Amino acid sequence: MKGARWRRVPWVSLSCLCLCLLPHVVPGMTTPSLKTDGGRRTATSPPPTTSQTIISTIPSTAMHTRSTAAPIPILPERGVSLFPYGADAGDLEFVRRTVDFTSPLFKPATGFPLGSSLRDSLYFTDNGQIIFPESDYQIFSYPNPLPTGFTGRDPVALVAPFWDDADFSTGRGTTFYQEYETFYGEHSLLVQQAESWIRKMTNNGGYKARWALKVTWVNAHAYPAQWTLGSNTYQAILSTDGSRSYALFLYQSGGMQWDVAQRSGNPVLMGFSSGDGYFENSPLMSQPVWERYRPDRFLNSNSGLQGLQFYRLHREERPNYRLECLQWLKSQPRWPSWGWNQVSCPCSWQQGRRDLRFQPVSIGRWGLGSRQLCSFTSWRGGVCCSYGPWGEFREGWHVQRPWQLAQELEPQSWCCRWNDKPYLCALYQQRRPHVGCATYRPPQPAWMFGDPHITTLDGVSYTFNGLGDFLLVGAQDGNSSFLLQGRTAQTGSAQATNFIAFAAQYRSSSLGPVTVQWLLEPHDAIRVLLDNQTVTFQPDHEDGGGQETFNATGVLLSRNGSEVSASFDGWATVSVIALSNILHASASLPPEYQNRTEGLLGVWNNNPEDDFRMPNGSTIPPGSPEEMLFHFGMTWQINGTGLLGKRNDQLPSNFTPVFYSQLQKNSSWAEHLISNCDGDSSCIYDTLALRNASIGLHTREVSKNYEQANATLNQYPPSINGGRVIEAYKGQTTLIQYTSNAEDANFTLRDSCTDLELFENGTLLWTPKSLEPFTLEILARSAKIGLASALQPRTVVCHCNAESQCLYNQTSRVGNSSLEVAGCKCDGGTFGRYCEGSEDACEEPCFPSVHCVPGKGCEACPPNLTGDGRHCAALGSSFLCQNQSCPVNYCYNQGHCYISQTLGCQPMCTCPPAFTDSRCFLAGNNFSPTVNLELPLRVIQLLLSEEENASMAEVNASVAYRLGTLDMRAFLRNSQVERIDSAAPASGSPIQHWMVISEFQYRPRGPVIDFLNNQLLAAVVEAFLYHVPRRSEEPRNDVVFQPISGEDVRDVTALNVSTLKAYFRCDGYKGYDLVYSPQSGFTCVSPCSRGYCDHGGQCQHLPSGPRCSCVSFSIYTAWGEHCEHLSMKLDAFFGIFFGALGGLLLLGVGTFVVLRFWGCSGARFSYFLNSAEALP
């Protein structure tokens, strides 16, 4: 049965197979000639070389026609125009007929913000760069572009409009430049035009440039100029407002003519690098090489202009204190017109507190332990003085308007504290000369206390018990006048009087009369009237000692307990205290009133003999009997209405007090009362006259307080004599000897420093070993009087390679310290900031792949190139090919055709990155997508804490530095820095809390997206665990923050991969897929690389998309769009069919023979058997 079934199968199965396959095989059957023209193999053959052939052989669809046509020419009217340049535009021409040259240095007074730094100088080269050197002696031309583009780890800070090796040595081409300074709003048409472009690009309508540089390279030829054809004309504009900086690159339409075929080294580089991690490459750097050499065809999407590139050069916006200082200096007269030279500071805090012209203020610009006193005068401005923890005078400065104290002090910070240029501080001090204490003259005090005891301005003491209103002092000079009047009343029933009211009036050339009255009230209270209006005092938070103040035009009133003081225009002062229902007063007058006073306080001329001068000019001598002194005093009684108005009580007409001599005669009864007076006559008089020991002791106490205040006013701290400027060379010890006028003066340093040593005798040793910033402040303290002085000399260190190179008159300050670094004048073939580098031909990189031998220079150029090893070019075969040109439409899909000088002047193509063949027809390579829409930002919020009382600018700079140095450089800026108010901790430490919003930039390539979405928060937490190195710029970037956790870093905006995908597109051949991977980011991937064709089909990416060329294998032919179908080949079918038939035929013949042989054998045997059986 099995044999029968097997014999039937071939016939039945082959018949069915033939019927089933035949309809499908026929449409697919092709002859060899048809296969050639069917469109599958033409894709693998080189494209034709003429346009006629292209039209007849390539597919004729519209998509194919567009994609294979020649690049659309750039319309000239869409190209950007260069700004006017040349002599007619006011430019200066600069050119050197050498292979390389560099321009003179430009030194913007404001500095130039680049990255996170403020650069001091810059220059341009013939090679299309503007370079910011580390020092004025590190000047190179760097002819060879970086092979990898800018990476953020670049050793040189530069802006590159067109960095490639140019050559002006043959006499062709030139450069023009012009510098524009508009610090003070000067008009410049070019600056205004550049401003308008920058405002449009940045959407910042408030941008105002303060410095700009225009550089134009005209007809620049590639190296070597004698061999190369075509020239370039382009322009760079640098612009800054001091805080922000931008670059405009403009390329003349049709003026960028260098041929990529003639470039043998690294291709041109455009963009910038700040030298501190901030950089940007031109969008053209991701384009084919030939497109990089045609930046005049580049379309700027923001402006719609071709030939324009725009860059933001600053990493974050930071205040420019140099500019602030310069603008302030411009607004001020060279020398102040007000009385700047007439005011000095008290030489100690103790002395200043006794001078009521000076009041304590809180300015908040010094550290802990620092205190300030200020005095203001309407007609000559004011002065503020700073004192240290021991009361030592540190510095003083002039101010003009007391109500704008903070604004007044800002210019000093701009010019002297917050920038590193000491010359700006010197210019500031011309406008605001330094205030010292050497010429300080304390005011002269006079006192009125008890039943009244008076001490005159010349120090003569007497007792006057007159009853009425009296002129205590009247004074005037050319600018002001001052009156002080007092009112007495009888002290109980005693034959004595005491003051119950005072009134003072001040007027000046700039102020009308200001009148203050002190009126005694019950319980030792004082009512104060200002111009007949009751004064309500407010707590003085700046004093912190319970003092209350009232500030009005021309007078500052302060109350501390039962004492009320008035400072009239910072000129004359009166202090009144109530004790035992008696008013006691002191008055202080400035030296300008000397020889100009009258009244009960005498004639102030340092001559006690004429103090008792009466209104008629007659004088009684000191030591006169009390009766005569009483008569003298009564001559100064005010007849009529004085400053205190009319009295409410009726005075007796014949009041005569009891005199001291009378009391002494009958004092035996009061020995026990006066025993505590220790012989003090005023105490004894009041005790005896009032029969009250308590009042007598109060009088003695007030008297001693006045005497002590006067002694403090006239007591000076020890002086410090010695060098105000100390200059030292690195590693060498400098000795300076300081002395003092006080024998017991002890010298110390305020802050210790490893490089400094100060002995108690004033010997200072300085051995500078590093440039770590410090502030040298020398203190001299007298143990006897408890007063101290301070001196802060300038400290200038030279770190130059040789001492002869030091320029001590050209310095820069290190941070906010007293340390200044001297400039260096490099000689003997040295260079660098400190002339630390020796001239070496290897300092500038050689041509790519050329080794540099230290001390000798670059080795020979590679084979087939000629030059000096730094400049290399193909052998001068360009003249052999100069008459050759590319065939029309030789390269497809915007490929660039050039004549190869190394392949026998044959045309060659430079293709966009998607293409795999030599003619830019077949795609398939992966490439980076283009940004379709403006990319959103990755935004996080930081919650930070610090204990350094840092400013907002310092926090911003410190956070920006940490985030800008993450492993993945994607930080853009801090958009918000805000201090958060919170309750002080129990320890009382001054912790400040900050909220910072930080922004990062997504980029399509590399692991940036994965880092920002999945690793950023952890990386930020780690970045705040470590300290950062100190930089010299201000504001400082090394604020020490408390460690943070994941809870302190919060997401604000983050886009997932699917959302980000909408912002990118694959411009180029149809059919590319946008594929994302964590390590590579977004990539445009051809389906050909992802198994687009089945069954071994060959994939080719044509303009219309991927196409499969199906291949045959075994007995099958693959077909379909993806070669997903299989058909049996017809010849194979018939071969199998006839082979099967032949096999069957052979099988049948064989079977027949076998059976036949078997049949014949069986008949013969039967015959013999039958025969045998037939025999008898």
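Residues numbered from 1 in each chain as written. Predicted model: local features only at pLDDT ≥ 70, side-chain atom pairs only at ≥ 80, totals over all residues. Heavy atoms only, no water.

As recorded in an unreviewed UniProt entry, the protein goes by the name Mucin 4, cell surface associated, listed as coming from Homo sapiens. According to the UniProt record, the Subcellular location (unreviewed entry) comment for the protein reads "Membrane". (UniProt positions renumbered as here; feature names shortened; annotations may be inferred.)

## Some details on the overall build of the protein
A tally of regular secondary structure across the protein gives 20 helices and 69 strands. Residue burial in the protein is summarised as follows: out of 1176 residues, 51% are buried. Considering only intrachain contacts with a sequence separation of at least 6, the fraction spanning at least 24 residues in the protein is 62%. Accessible surface, the protein as shown: approximately 54,800 Å² in total, 52% of it carbon and sulfur. (Helix = DSSP H or I, 4+ residues; strand = E, 2+ residues; numbered from the N terminus. Buried < 20%, exposed > 50% of the residue type's maximum accessible area, 1.4 Å probe, protein only. Contact = heavy atoms within 4.5 Å. Areas by Shrake-Rupley, 256 points an atom, 1.4 Å probe, with all protein chains shown as cover.)

## Regarding the sheet that holds strand S4 (residues 123–124)
If you trace the 5 strands from one edge of the open sheet to the other, you get S4-S5-S6-S12-S13, paired in antiparallel fashion. Looking along the sheet, the strands with just one partner apiece sit at the ends: S4 and strand S13 (279–281). The sheet contact formed by strand S5 (residues 130–132) and strand S6 (residues 157–163) spans 3 bridges and is antiparallel. Directly across from Ile 130, in S6, lies its bridge partner Val 159. (Pairing = 2+ DSSP bridges.)

## Let's talk about the nonpolar core
Ranked by internal contacts, the top residues of the largest apolar core, which has 66 residues, are Ile 130, Phe 132, Val 159, Phe 162, Leu 238 and Leu 313. Two domains each donate at least three residues to this core, and these are domain 1 (87–318) and domain 2 (322–431). Among all residues touching Ile 130, those that are not within four sequence positions of it are Leu 122, Tyr 123, Phe 124, Ala 157, Leu 158, Val 159, Val 215, Trp 217, Ala 236 and Leu 238. Listed in part, the 53 residues of the second largest apolar core include Val 516, Ile 526, Val 555 and Tyr 593. (Core = buried A, V, L, I, M, F, W, Y, C linked by side-chain atoms within 4.5 Å. Domains from an automatic or database assignment.)

## Side note on the pattern of salt bridges
A full pass over the atoms with the stated rule returns 26 salt bridges. We note a salt bridge from Arg 938 to Asp 1051, for which the minimum N-O separation is 2.7 Å. Of the two residues, Arg 938 is situated in strand S58 (residues 937–946) and Asp 1051 in strand S61 (residues 1049–1053); the sequence distance between them amounts to 113 residues. In the salt-bridge network here, residues are joined through shared partners; they are Asp 120, Arg 322, Asp 420 and Lys 421. (Salt bridge = Lys/Arg side-chain N within 4 Å of Asp/Glu carboxyl O.)

## Thoughts on the side chain of His 221
Assignment of secondary structure puts His 221 in strand S9 (residues 211–222). The buried category is assigned to His 221, whose relative accessible area is 9%. Among the polar contacts listed, one links the side chain of His 221 to the backbone oxygen of Gly 230, at a separation of 3.3 Å. Those residues in contact with His 221 that sit more than four places away from it in its chain are Ala 166, Asp 167, Arg 172, Thr 228, Gly 230, Ser 231 and Trp 258. (Polar contact = N/O pair within 3.5 Å; in protein donor to acceptor, adjacent residues only side chain to side chain.)

## Examining the state of the cysteines
Taken as a whole and judged by the stated rule, the model has 16 disulfides. Disulfide pairing places Cys 416 opposite Cys 425 at an S-S distance of 2.1 Å. Disulfide Cys 416 to Cys 425: torsion about the S-S bond roughly 95 degrees, handedness right-handed. Considered together, Cys 416 and Cys 425 belong to a single accessibility category, that of buried residues. Disulfide partner of Cys 1088: Cys 1099, at an S-S distance of 1.9 Å. Looking down the S-S bond of the Cys 1088 and Cys 1099 bridge, the torsion is -60 degrees, so its handedness is left-handed. With Cys 1088 in the loop between strand S64 (1081–1085) and strand S65 (1098–1102) and Cys 1099 in strand S65, the pair connects residues that are 11 residues apart, well separated along the chain. Since its relative accessible area comes to 24%, Cys 1099 is described here as partly exposed. (Disulfide = S-S within 2.5 Å.)

## Some remarks on the sheet that holds strand S40 (residues 734–737)
The strand order across the open sheet formed by 3 strands is S40-S43-S42, and the pairing between neighbours is antiparallel. Looking at strand neighbours, the two that pair on one side only are S40 and strand S42 (756–758), the edges of this open sheet. Adjacent strand axes in the sheet meet at a mean angle of 15 degrees, parallel and antiparallel pairs treated alike. One ladder, built from 3 bridges, connects S42 with strand S43 (residues 763–766); its direction is antiparallel. Across the sheet, the residue bridging to Leu 758 is Leu 764, located in S43. (Axes fitted to C-alpha atoms, helices over the stretch in contact; angles between N-to-C directions.)

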